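Given next are the chains, with one letter for each unit.
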Amino acid sequence: MNEKLRWVYNQHYLEQDNVKQATAILPYFSLDQVKRVSQFQRTYDQFEKTPLHQLDALASCMDVEKIFVKDESYRFGLNAFKVLGGIYAIAQYVANKLGRNIEELSFDQLKSPEVRAQVGNLTFISTTDGNHGRGVAWAARELGFQARIYMPAGSAAERLQHIKK
């Protein structure tokens, strides 16, 4: 079953360009896709569910029933949720190089010497000055590959250090 996700637009932040962009990409997302991504993410032995914090006082002020905030500050020691995208993108690429479906592979299988022998040395490249670069670099390292992150001139030294770690 390829049930589509139900999207609810943020009524406090409706700009025409955002609505157009979101509407254009919706056909590419399904619950099955979300489940496949989640299934793979959970094969990483340090995966944990994101804690949700309920903000009752803010919900009351905003005149809404409930507000929850995802706390990604502990995600793999990176303080960023974007690492999940980096892991999945790199894993999907490696799975494609192997001619296999991502659903058939675990994180440990992807970082095995056998997989490394089949796909060789890979370097993943990204341009960013923030958490996306941290996620790509971290995921590449965790899977035994290299990453090269290009940053704009003037990027904060602290961001560079985070990506290097």
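Refer to the preceding data block for the structure.
Just so it is clear, the structure is predicted and the values come from calculations on it, not from any experiment.

### What to know about the overall build of the chain
Argument step 1. Helix and strand counts for the chain come out as eight helices and four strands.
Argument step 2. When its helices and strands are written in sequence order, the chain yields α-α-β-α-β-α-α-α-β-α-β-α.
Argument step 3. Within the chain, the fraction of its 165 residues that count as buried is 30%.
Argument step 4. Sequence separation of at least 24 residues holds for 52% of the intrachain contacts in the chain that already meet a minimum separation of 6.
Argument step 5. Roughly 11,400 Å² of accessible area belongs to the chain as shown, and the carbon and sulfur atoms make up 52% of that amount.

### A word on the side chain of Asp-71
Argument step 1. For Asp-71, the position within the fold is in the loop between strand S2 (68–70) and helix H4 (83–98).
Argument step 2. Of note is the side chain of Asp-71, whose polar atom sits 3.1 Å from the side chain of His-53.
Argument step 3. Those residues in contact with Asp-71 that sit more than four places away from it in its chain are Thr-50, Pro-51 and His-53.

### Examining the pattern of salt bridges
Argument step 1. Taken as a whole, this structure holds three salt bridges when the rule is applied.
Argument step 2. We note a salt bridge from Arg-36 to Glu-103, for which the minimum N-O separation is 2.9 Å. With Arg-36 in helix H2 (residues 31–41) and Glu-103 in the loop between H4 and helix H5 (107–110), the pair connects residues that are 67 residues apart, well separated along the chain.
Argument step 3. According to the relative accessible area criterion, Glu-103 is partly exposed, its value standing at 33%.
Argument step 4. With a closest N to O distance of 3.1 Å, Arg-100 and Glu-104 form a salt bridge.

### Section: the packing of aromatic side chains
Argument step 1. In the structure shown here, the tally under the stated rule is six aromatic pairs.
Argument step 2. Where Phe-40 meets Tyr-88, the ring centres are 6.1 Å apart and the plane angle is 65°; that geometry is what we call edge-to-face. Of this pair, Phe-40 sits in helix H2 while Tyr-88 sits in helix H4, and the two are 48 residues apart along the sequence. No difference in accessibility class separates Phe-40 from Tyr-88, as the two residues are buried.

### Structural notes on the packing of H4 against helix H7 (residues 131–142)
Argument step 1. Where H4 meets H7, the axes come as close as 7 Å, and the angle between the chain directions of the two elements is 50°. It follows from the interaxial angle that H4 and H7 lie oblique. Classified by chirality, the crossing of H7 by H4 is right-handed. In this structure, H4 contributes Val-83, Gly-86, Ile-87 and Ile-90 to the contact, and H7 contributes Gly-135, Val-136, Trp-138, Ala-139 and Ala-140.
Argument step 2. Class assignment for the residues of the contact of H4 with H7 results in seven nonpolar, two polar and no charged.

### Focus: the nonpolar core
Argument step 1. Counting 31 residues, the largest nonpolar core has Val-94 and Leu-110 as its most contacted members.
Argument step 2. Those elements that place two or more of their residues in this core are H4, H5, helix H6 (113–119) and H7.
Argument step 3. The leading source of residues in this core is H4, at nine residues.
Argument step 4. The residues contacting Val-94, other than those within four sequence positions of it, are Leu-110, Val-115, Val-119, Leu-122, Phe-124 and Phe-145.

The rules we used
All residue numbers here refer to positions counted from 1 along the written sequence of the relevant chain. With the structure being a predicted model, the display of local features is reserved for residues of pLDDT at least 70 and the display and counting of side-chain atom pairs for 80 or more, all residues being used for whole-chain, interface and lining totals. For the side-chain quantities, the full set of heavy atoms in the structure was used; hydrogens and water were omitted. Numbering goes from the N terminus for both helices and strands, where a helix is a DSSP run of H or I of at least four residues and a strand is a run of E of at least two. Burial classes: relative accessible area under 20% of the type maximum marks a residue as buried, over 50% as exposed, and values in between as partly exposed (1.4 Å probe, protein chains only). Whether two residues touch is decided by their heavy atoms; if any such pair falls within 4.5 Å, the residues are in contact. Residue burial considers only the protein chains on display, and all accessible areas are found by Shrake-Rupley using a 1.4 Å probe. The definition of a polar contact used here is a pair of N or O atoms within 3.5 Å, where within protein one atom must be able to donate a hydrogen and the other to accept one, and adjacent residues in sequence count solely through side-chain atom pairs. The term salt bridge refers to a pairing of a side-chain nitrogen on Lys or Arg with a carboxyl oxygen on Asp or Glu at a separation within 4 Å. The pairing test for Phe, Tyr and Trp rings, Trp by its six-membered ring, is centres within 6.5 Å, and the orientation test on the planes gives stacked under 30 degrees, edge-to-face over 60, and tilted for anything in between. To get an axis, fit a line to the C-alpha atoms, keeping to the stretch in contact for a helix; angles then go from 0 to 180 degrees between the N-to-C directions. Any angle that falls under 35 degrees is termed roughly parallel, while one over 145 is termed roughly antiparallel, one within 65 to 115 roughly perpendicular, and all others oblique. In a left-handed crossing the near helix is turned counterclockwise from the far helix by less than a right angle, and in a right-handed crossing that turn is clockwise. The nonpolar class holds Ala, Val, Leu, Ile, Met, Phe, Trp, Tyr, Cys and Pro. Asp, Glu, Lys and Arg form the charged class, and all remaining residues, Gly among them, are polar. The criterion is simple. A nonpolar core is a set of buried Ala, Val, Leu, Ile, Met, Phe, Trp, Tyr and Cys residues joined through side-chain atoms within 4.5 Å.

Nothing here speaks to function; it is all geometry.
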